Every structure is written in structure tokens, then in C-alpha cells.
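Each chain, letter by letter, is given below.
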Amino acid sequence: MRKKRIIKIAKWFFGTLLSLFLLISLLLYIYKDDICQAAIDEANKHLKAKVTVSEVELTFWSTFPNLSIDFEHVYVQDQRDGSTSRDTLMYTDLIRLKVNPFDVWREKYKVKSLEIHPGVLNLHVDSVGNNNYDIFKEPEDTGESESFDFKLKDVQFKNFRFNYINDATAQEYRTYINSMTLEGNLSKDVFTASARSDLKIIAAKSGNLTLVSNKPAKLGVGVKVN
């Protein structure tokens, strides 16, 4: 008798769980285009750079219990005057935004974490101080409620190249980041951020002086940002 009761409870539990998964899958299929378009529209509100994305996908089962919005093959062009499509500010195979799947009902998505990998970021300052990374618009208070709330607490980079060249100060830094995690309430104007990274310093130069070349490094820092 007890065995039958346990089997009955197990069937009810797994049946309910399966129904919930099927319901979430159905909702994601129905609202996929709306969610992806909302993410793209939100990005365009904040960026003035030309951004190219080959595809936007939703994933749930592989990132359970999170719902992930995947921007695939993301390219951002260098923002200097006269730049062409061959001048890369940033490129990455994948930018993944993780949100709560139950936000689908509310149509308000709180992005808690971000994954970026693999890719490259090229920051450059010319001899008169002009940079190529001024890509964010000034924030506007339109009074409208935004679909996406970027209260980021976790940003992860993997297999990512970071290059910084400053012609005005004759400095050059090139690194290959195996993995790096940024933590903190990154959406606030004032916050404390911590960073842990495993990387390789390809080159660090000041003028004609090479400071570091092809050296592995592990870094852990905490910074108060204002």
C-alpha cells in the first residue's frame, strides 16, 4: 500500500514538472520573436555605434534554471571618423544575457549576468586624444518603463583578447584573457567591483620600453567605481 502511494506521488510530481517545462517551452516558442526584438530595441536605445548581430536565439534547457538570450556573432565597428567595416572595435561569437524565465509573463526582464566569449576588444586613442570607443548615448529620462533592467551583478569573459593603444601617451597593452569575472552591482553610478582573472600578458609597452612580454598572470582586485 505504501509503495503504491509513493509511486502515485512520484507520478504526480514528475507529471507536474513535465507540464511546467512544456508550458515554458510553449511560451518561449510563442514569444521568442517579441523577446528577441525587445532585447535588440533596448540595445539600440543605449548605443550609438553600428552593431551587427547575425542571429538572436533563446535558450532555456541548456542554461536551466535561467532563460538566456544569445546574441551570436556580434560586431561593433570602430567609431573614429573614416573607419570602415574592417576596423573592429569589438567582435565576439556570443553575448549571453541571463534572465528569470518567469519574467516572460511580466514582460519585464531583469538581466543579472552576462557572458561574453570568445572575442576581441580593440581600444585606441589617437595622438590628439580622440578615442574609438565612445559608443554609448547619453541617458534620457523619457518616463517610459524599459523592458530590460540591466542590474548586472556578474560579467564573465572567456577566451577574450583585449588590446589598448594610446598614441598620445605612447602606451600599448595587449592581453589574452582565459577567464575573467567581474562582480558587483554594476548598474549603479557608485559601486564596488571585484575582478578575478586568469590571463596572459602578450605585451605591455611604454614608448620603446617593453615592460612585460608573453607572461601568464592571475589578478584579483577590488575597485570602488564612481
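In what follows, the structure referred to is the one given above.
All of these numbers come straight from a predicted model, not from anything done at the bench.

Analysis parameters
- Residues numbered from 1 in each chain as written.
- Predicted model: local features only at pLDDT ≥ 70, side-chain atom pairs only at ≥ 80, totals over all residues.
- Heavy atoms only, no water.
- Helix = DSSP H or I, 4+ residues; strand = E, 2+ residues; numbered from the N terminus.
- Buried < 20%, exposed > 50% of the residue type's maximum accessible area, 1.4 Å probe, protein only.
- Salt bridge = Lys/Arg side-chain N within 4 Å of Asp/Glu carboxyl O.

J.: Explain the overall build of the chain to me, please; I cannot follow it from the model alone.
T.: Helices and strands together make up the secondary structure of the chain, namely two helices and 10 strands. Listing every helix and strand of the chain by position from the N terminus yields α-β-β-β-α-β-β-β-β-β-β-β. Taken over 226 residues, the chain has a buried fraction of 32%.

J.: Looking at this model, I keep getting lost on the pattern of salt bridges. Mind explaining?
T.: Two side chains with opposite charge may pair up if their charged atoms get near one another. On inspection of all chains with the given rule, the structure shows four salt bridges. The residue Glu115 makes a salt bridge to Lys98 at a minimum N-O spacing of 2.9 Å. Note that Glu115 is positioned in strand β5 (residues 113-125) and Lys98 in strand β3 (residues 88-99), a separation of 17 residues in sequence. Owing to a relative accessible area of 13%, Glu115 belongs among the buried residues under this scheme. Across the pair Asp198 and Lys218 runs a salt bridge whose closest N-O atoms are separated by 3.6 Å. Residue Asp198 is found in strand β9 (residues 191-206), and its partner Lys218 is found in strand β10 (residues 209-225); the two are separated by 20 residues along the sequence. Here Lys218 falls in the exposed class, since its relative accessible area comes to 68%.

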